[in-house]
Amino acid sequence: MERTQALLNCLYQEAELLDEGRYREWLGLLAEDVRYQVPVRVTKERGPEGGVSGVMEGMCHLDEDYTSLEMRVARLETGFAWAEDPPSRLRHFVTNVRIGEPKPTPLGEEAEVRSNLLIFRSRWDRPDYTLLAAERRDVWRQVDGGWRLARRTVILDSATLPTHNLSFFF
Amino acid sequence: MARVKGGVSSRLSRMLEELQAGLEDGLVPAWIFNDPELFELEKEKIFSRSWVYLAHESEIPNPGDYVLRYVLDNPYILVRGEDGVVRALLDMCRHRGMRVCRAELGNASHFRCPFHGWTYRNDGRLIGVPAEREAFGPDFDKGQWGLVPIPRLESFDGMIFGNLDPEAPSLEEWLGDIRWYLELVTKRSPMGLEVLGPPQRWVVNTDWKLALETFLSDSYHTLMTHRSLIELGIAPKDAKYAMYGEQVHIPGKGHGSMVVGAPPGAKLPPFWGYPEEMLERARTSYPTREQFETARETRILLVTLFPNFSFHNPIRKPDHKYQGTVPMLTFRVWHPLGPGRIEIFSWALVEKDAPAWFKEKTRLSYLRFFGSSGTFEQDDTEIWSHVAHNAASTQGRHLRFNYRMGLNLAPDPNWPGPGVAYGLNFTDANMRNFHRRYLEMLLA
């Protein structure tokens with residue numbers, strides 16, 4: 001239960017950092033070898049394998065490593081990143097958290113963590129907003145007594161994105 | 001003009017006269033970027049009669065491969081038949097109009113309607129009607145009830161275009177001299193291009209012409225819109241970097257290109273930074289020596305086809321720490337959804353025979369700078385949506401935008417390519433040419 005609570009705290013703390021735009025602190029939650037992907041989703045017929053398909057390999061909306069995520073954060077700090085300046089008001093709703101059995105790896109103990117995510121986005125003084133729903137399939141790694149995000153795959157529920165850009169993080 | 005009088009309200013007629021009166025003086029009324037009545041006219045006069053980009057042939061390489069694409073609100077199945085022929089079939093059952101293809105992409109030998117079960121081969125022929133004899137009698141002719149193909153379908157170097165107008169000029173004639181610039185990417189390798197996956201798709205509350213303008217003519221905006229990348233040291237330090245080069249338009253066609261070179265004294269690699277082996281292939285692959293020489297000096301290339309296709313091929317790098325450069329290529333359809341609303345279809349492409357390491361790096365260059373999350377492009381969509389909002393406002397719609405940049409610039413007589421070229425990209429020449437063609441089609 002202690003581990004479960006620690007990982008839940010990680011997800012909630014992360015959501016707080018993202019909602020408050022504390023991106024440098026957010027980078028501190030990431031493993032240096034992090035892989036962060038948002039694959040393109042397409043509408044496909046139900047295949048013989050069943051389930052919900054259409055997660056494309058290869059083409060993504062985001063396919064990031066630590067360096068490129070840091071680049072995106074540094075961009076937001078330039079004062080000229082108009083897509084988020086003024087910043088969007090974002091709210092990350094994290095639910096349905098499922099935590100897998102931790103496994104030892106050469107880099108530390110790793111646990112699969114799945115969560116559902118709803119992002120509310122509001123910009124300027126407009127009353128309209130956009131919503132993005134997704135499942136996050138994460139791997140968190142225990143390093144020096146804390147957990148770091150080592151891998152994230154965001155399974156979007158939209159084939160065509162209902163928002164004008166992805167200038168934020170999932 | 002008779003059709004105009006018949007189909008256009010006096011309000012819209014007055015507005016088009018205003019556009020016509022101001023254009024040569026570099027004045028374009030804001031209202032053209034978000035007006036419901038004008039949008040209806042654009043649907044009829046522009047998009048129902050123009051060659052619209054649908055797909056790249058590498059998206060459907062094998063028999064039965066299909067992708068679903070749209071011309072206006074018409075869904076078309078782009079499918080390669082067992083005979084290898086690519087067709088565009090209206091995704092609408094001939095019996096009661098249900099969609100027969102319910103996925104964006106896949107492989108199918110036939111399409112079956114889920115309503116009453118009418119079944120079509122992937123060449124569009126109707127091959128199955130449940131209880132055919134009992135329901136429709138012995139004389140029912142299935143040959144009359146196949147899926148309806150798009151009136152015209154033609155391709156250029158793997159780029160597949162459709163046209164709703166059976167009387168439209170050929171694609172070759174439509175493209176005209178812009179082909180020389182298209183070939184700078186389609187013929188860079190004898191193997192041609194391939195897509196790096198399906199398109200990213202997203203919706204922006206803006207006008208298709210505003211999006212298009214950025215890729216057709218607007219080097220000027222890079223100064224400010226993309227300043228964050230200059231600050232980060234990713235875009236060249238000379239904030240006016242996109243000014244150096246040629247802006248070219250094709251009179252009478254509406255198409256345009258920007259061929260940007262290196263700022264004076266800048267140490268940028270030739271040929272966009274493509275690998276040496278690709279440069280060697282290009283030497284013999286390009287149809288003319290002029291195209292090769294032009295390509296060798298190019299760092300950023302944009303081509304926009306009237307009405308709503310663009311490609312962008314800039315020098316780039318996969319991230320700000322990467323030593324060296326990796327160019328990227330994106331194809332665009334600015335798909336009109338309604339007044340002040342578009343859907344962007346954005347593909348990344350690469351030469352089929354590019355080295356594997358390059359394909360992966362160019363994919364990352366694309367993803368991190370352009371497309372739905374691109375650090376360049378996300379600022380464009382932010383700005384386009386506000387401009388479109390203002391263009392529909394009761395006061396703002398009466399403003400006239402300043403398209404006077406480069407109005408007194410003389411054409412460059414030494415440019416080796418076709419079209420009217422200017423030796424400076426800070427000009428609205430391509431945009432004025434676009435609007436001439438736009439107006440001509442609206443009034444035709």
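Note that this is a predicted model, so its numbers are computed, not measured. (Residues numbered from 1 in each chain as written. Chains lettered and ligands numbered in written order. Predicted model: local features only at pLDDT ≥ 70, side-chain atom pairs only at ≥ 80, totals over all residues. Heavy atoms only, no water.)

Caption draft 1: Spatial organisation of the overall build of chain B. Looking only at helices and strands, chain B features 13 helices and 21 strands. Here chain B has a C-alpha radius of gyration of 23 Å; the compact-globule value for 444 residues is 22 Å, and the two agree. The buried share of chain B, reckoned over its 444 residues, is 62%. Pairs at least 24 residues apart make up 67% of the contacts formed inside chain B by residues separated by at least 6 positions. Counting every atom, chain B has about 16800 Å² of accessible surface; 51% of that belongs to carbon and sulfur. (Helix = DSSP H or I, 4+ residues; strand = E, 2+ residues; numbered from the N terminus. Rg over C-alpha atoms; globule rule 2.2 N^0.38 Å. Buried < 20%, exposed > 50% of the residue type's maximum accessible area, 1.4 Å probe, protein only. Contact = heavy atoms within 4.5 Å. Areas by Shrake-Rupley, 256 points an atom, 1.4 Å probe, with all protein chains shown as cover.)

Caption draft 2: The overall build of chain A, seen in detail. Of regular secondary structure, chain A possesses 3 helices and 7 strands. Counted from the first residue to the last, chain A has its helices and strands arranged as α-α-β-β-α-β-β-β-β-β. For 170 residues, the compact-globule formula gives about 15 Å, and the C-alpha radius of gyration of chain A, at 16 Å, lands near that figure. Overall, chain A is about 45 × 45 × 30 Å in size when its C-alpha atoms are taken along their principal axes. Per-residue burial over chain A gives 52% buried out of 170 residues.

Caption draft 3: How the structure looks around the sheet that holds strand β6 (residues 105–107) of chain B. Residue and element names in this part refer to chain B. One open sheet accounts for 4 strands, arranged β5-β4-β3-β6; its pairing is antiparallel. The outermost strands of the open sheet, each flanked by one partner alone, are β5 (86–90) and β6. Direction aside, the axes of adjacent strands within the sheet are offset by 30 degrees on average. With 5 bridges joining them, strand β4 (residues 74–80) and β5 adopt antiparallel strand pairing. Each bridged residue has a counterpart across the sheet, and for Leu78 the counterpart in β5 is Ala88. (Pairing = 2+ DSSP bridges. Axes fitted to C-alpha atoms, helices over the stretch in contact; angles between N-to-C directions.)

Caption draft 4: Quick look at the pattern of salt bridges. Across all of its chains, the model carries 56 salt bridges over all chains by this definition. Among the ionic pairs, Arg404 of chain B bridges to Asp25 of chain B, the shortest N-O distance being 2.8 Å. A residue pair is termed long-range when its members are at least 10 positions apart, and Arg404 of chain B in the loop between β20 (400–402) and β21 (420–422) and Asp25 of chain B in the loop between α2 (10–23) and β1 (27–29) qualify at 379 residues. Through salt bridges with shared partners, one network takes in Glu14, Arg136, Asp138 and Arg152 of chain A. (Salt bridge = Lys/Arg side-chain N within 4 Å of Asp/Glu carboxyl O.)

Caption draft 5: Region of the structure containing the pairing of strand β16 (residues 300–305) of chain B. Residues and elements named next belong to chain B. When you tally the buried positions in β16, you get 6 out of 6 residues, the bulk of the element. Burial along β16 is two-sided: the residues Ile300, Leu302 and Thr304 and Leu301, Val303 and Leu305 are all buried. With 5 bridges joining them, strand β15 (residues 256–260) and β16 adopt antiparallel strand pairing. From the neighbouring strand, Ser257 faces β16, where its bridge partner is Val303. Here 6 bridges tie β16 to strand β17 (residues 309–314), and the two strands are oriented antiparallel to one another. Looking across to β17, one finds that Ile300 is bridged to Pro314. In this antiparallel pair of consecutive strands, β16 and β17, the connection spans 3 residues.

Caption draft 6: Quick look at the interface of chain A and chain B. On the chain B side, the residues contacting the 39 residues of chain A number 43 residues. Summing both partners gives a buried area of about 3600 Å² for chain A against chain B, and 57% of it is carried by carbon and sulfur. Ranking the residues of chain A by area buried against chain B places Met59, Met71 and Arg75 of chain A at the top, with a combined share of 19%. Here chain A and chain B share 4 salt bridges between them. Across the salt bridge formed by Arg368 of chain B and Glu64 of chain A, the nearest N and O atoms sit 3.7 Å from each other. For the side of chain A that touches chain B, the secondary structure elements donating two or more residues are β1 (30–41), β2 (55–64) and α3 (66–76) of chain A. Residue classes in the side of chain A that touches chain B are distributed as 16 nonpolar, 11 polar and 12 charged. (Buried area = accessible area lost by both parts, 1.4 Å probe. Nonpolar A, V, L, I, M, F, W, Y, C, P; charged D, E, K, R; others polar.)

These figures come from the coordinates and say nothing about function on their own.
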